[in-house]
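Remarks on the overall topology
Okay, here's what each chain looks like letter by letter:
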Amino acid sequence: QVQLAESGGGLVQPGDSLRLTCTASGPRSGSFTMGWFRRAPGQEREFVAAISGSGPSTEYGRSMRGRFTVSRASARNIVFLQMNNLQPDDTAVYYCAAGTTMYMNVQNEYDYWGPGTQVTVSS
């Protein structure tokens, strides 16, 4: 019954910023660990960022650290991914995921996935 929906993607130029939003609905949707993953053309899906269901604690992929920030809204079923200084290599479909795992960077540990939102960075 849990459903996820991403929003906020689009076409931007290098150096620009975007904020993605993931909204979860369904039972206990405010208590999940929420992760962000992305898949670039011709590449495997990779971990971007995650925030724990309580705490909160956060975790980031190596290439995102220092540029991206994940946070949870006061309405705990909503999480954000603030992306600053975007570069062409950030072009990908970005997915929101939800689960109960402590292994926040492991995609197979997540139970629910959104349909994804396209982020394109091009000059």
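What comes next concerns the included structure. (Residues numbered from 1 in each chain as written. Predicted model: local features only at pLDDT ≥ 70, side-chain atom pairs only at ≥ 80, totals over all residues. Heavy atoms only, no water.)

If you look at the biggest cluster of nonpolar residues, it comprises 27 residues, and the most contacted ones within it are Met34, Trp36, Leu81, Met83 and Tyr94. Elements represented by at least two residues in this core include exactly strand E3 (18-25), strand E4 (33-39), strand E5 (46-51), strand E7 (68-72), strand E8 (78-83), strand E9 (92-99) and strand E11 (117-121). Not counting residues up to four positions away in its chain, the partners in contact with Met83 are Asp16, Ser17, Leu18, Leu20, Arg67, Phe68, Tyr94 and Val119. Residues Phe47, Ala50, Ala97 and Met104 belong to the second largest nonpolar core, which totals six residues. (Core = buried A, V, L, I, M, F, W, Y, C linked by side-chain atoms within 4.5 Å. Buried < 20%, exposed > 50% of the residue type's maximum accessible area, 1.4 Å probe, protein only. Helix = DSSP H or I, 4+ residues; strand = E, 2+ residues; numbered from the N terminus. Contact = heavy atoms within 4.5 Å.)

This part takes up unusual backbone geometry. Although it is not a glycine, Asn85 sits at a positive phi angle of roughly 50 degrees. With respect to the element layout, Asn85 can be found in the loop between E8 and E9.

The next thing to look at is the state of the cysteines. The tally for this structure, following the rule as stated, stands at one disulfide. One disulfide bridge connects Cys22 with Cys96, the sulfur atoms lying 1.9 Å from each other. Judged by the torsion about the S-S bond (-80 degrees), the Cys22/Cys96 disulfide is left-handed. Separated by 74 residues along the polypeptide, Cys22 in strand E3 and Cys96 in strand E9 bring together distant segments of the chain. Here the two residues Cys22 and Cys96 agree in accessibility, since each one is buried. (Disulfide = S-S within 2.5 Å.)

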